[in-house]
Amino acid sequence: MSVTKSRAMVAAVTVAASIGLWPSNGTAEAVAAAAAVTLWVAWSVADRSKWSRNRTVKITRPDARIERSKPVLTSGVVTGTTLALVCVTGVSAGAALREDATESFTHAISDGTTRAGSTAAKHNTEVDIPTSGESEIVAAGVGGTVTIDTPAKGHGHVADDELTRVYSGQLDDSRVAVQPTADGVRAAIAIDSADAPERYPFELGGDAERLVLDEQDGSVWVFGNGKEPLGRFESPWAYDAAGRTVPTHYEVSGTTLTQVVEHKAGDFSYGITADPKWSKKWIKKFKKLFKVCLGLTLSTEALLQLVSSPNKAAKFMVRRLGLFGAVYCGGGIIKELL
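Overview of the structure. Because the structure is predicted, anything quoted here is derived from the model rather than measured.

**Some details on the sheet that holds strand β3 (residues 127–128)**
- Strands sit in the order β3-β4-β5-β10-β16-β15 across an open sheet of six strands; the sheet is antiparallel. Lying at the two open borders of the sheet, with one neighbouring strand each, are β3 and β15 (248–253).
- Pairing between β15 and strand β16 (residues 256–261): six bridges, direction antiparallel. Along β16, the bridge assignment pairs H249 with V260.

Set out below in structure tokens:
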């Protein structure tokens with residue numbers, strides 16, 4: 001076999017092995033680097049005259065002989081086998097690290113939601129979670145649809161709960177996890193070191209046209225082209241790895257919601273988990289109550305300027321309407337909101 005054919009064989013085997021290992025490794029840079037080194041070594045070996053001498057090799061069929069370059073063939077097999085072993089080892093180690101990091105993040109989110117009294121992950125057919133971090137989340141609102149562009153990138157890894165998808169962060173030392181909930185969707189942030197930034201922007205689209213920050217509880221209301229809200233981002237929270245509260249708040253500019261996590265202001269344990277959560281939990285109930293009780297006198301938007309939560313809304317209505325009005329509007333609905 002000629003040097004040229006030996007090169008072609010080694011190149012073909014290397015490329016085939018790399019393509020086969022690529023999906024399981026998930027790290028294009030690692031596979032490409034291993035393939036490049038292997039090709040460089042094999043190419044150099046095949047180019048040396050003493051390694052390309054043709055020798056006669058007897059095979060099993062009588063009187064049949066073939067010209068083959070044994071040293072080049074052997075070097076190609078050895079190099080290819082070494083590449084396979086290195087890549088398989090890297091695949092196993094890389095998969096274990098990704099799994100550990102993904103599951104650790106998922107557990108941190110679960111712990112944070114428990115501390116904050118928020119809702120856990122749950123299958124929701126009204127939420128579309130993308131496979132790529134560069135794509136938008138699509139979530140149903142009340143009377144419209146909201147898209148959420150997160151600070152994530154790359155192919156997301158699905159956690160063991162088969163609901164949460166974890167992506168690399170666009171910002172340094174950060175990750176983003178997206179999971180559906182019974183009443184919306186959560187886009188949690190993992191802050192992995194003190195070098196990570198403190199500001200994490202989320203761009204809203206779809207039917208979202210205006211964001212209103214509630215200064216009483218820090219939540220953010222999202223409005224479409226009317227005066228009725230599509231939903232809201234619940235009050236933000238952030239906890240460090242030791243369960244300590246990390247100062248955090250939302251800022252709004254146009255249709256961009258930014259969660260600010262002030263982790264550089266104290267001595268916190270990393271990773272830190274923060275939680276922007278979109279919800280339409282009580283909007284439908286409130287709209288029903290509003291239609292029955294106050295449809296002609298007070299808009300939803302005006303009422304939201306006076307109250308900032310379901311509890312306050314219900315209490316406000318009871319005070320405004322009195323006992324008779326409360327009974328008339330449906331004690332069951334008010335009780336549900338309370």
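**A word on the environment of E136**
- Looking at the element boundaries, E136 is found in the loop between β3 and β4 (137–141).
- Owing to a relative accessible area of 40%, E136 belongs among the partly exposed residues under this scheme.
- Each C-alpha atom, one on E136 and one on T147, is 6.0 Å from the other, the two residues being 11 residues apart in sequence.
- E136 has contacts with D128, P130, T147, I148 and D149, leaving out every residue within four places of it along the chain.

**Details of the side chain of D240**
- Here D240 lies in the loop between β14 (238–239) and β15.
- With relative accessibility at 4%, the residue D240 sits in the buried group.
- Among residues more than four places away in sequence, those in contact with D240 are V246, F268, S269, G271 and I272.

Rules used in this analysis
- Residues numbered from 1 in each chain as written.
- Predicted model: local features only at pLDDT ≥ 70, side-chain atom pairs only at ≥ 80, totals over all residues.
- Heavy atoms only, no water.
- Pairing = 2+ DSSP bridges.
- Helix = DSSP H or I, 4+ residues; strand = E, 2+ residues; numbered from the N terminus.
- Buried < 20%, exposed > 50% of the residue type's maximum accessible area, 1.4 Å probe, protein only.
- Contact = heavy atoms within 4.5 Å.

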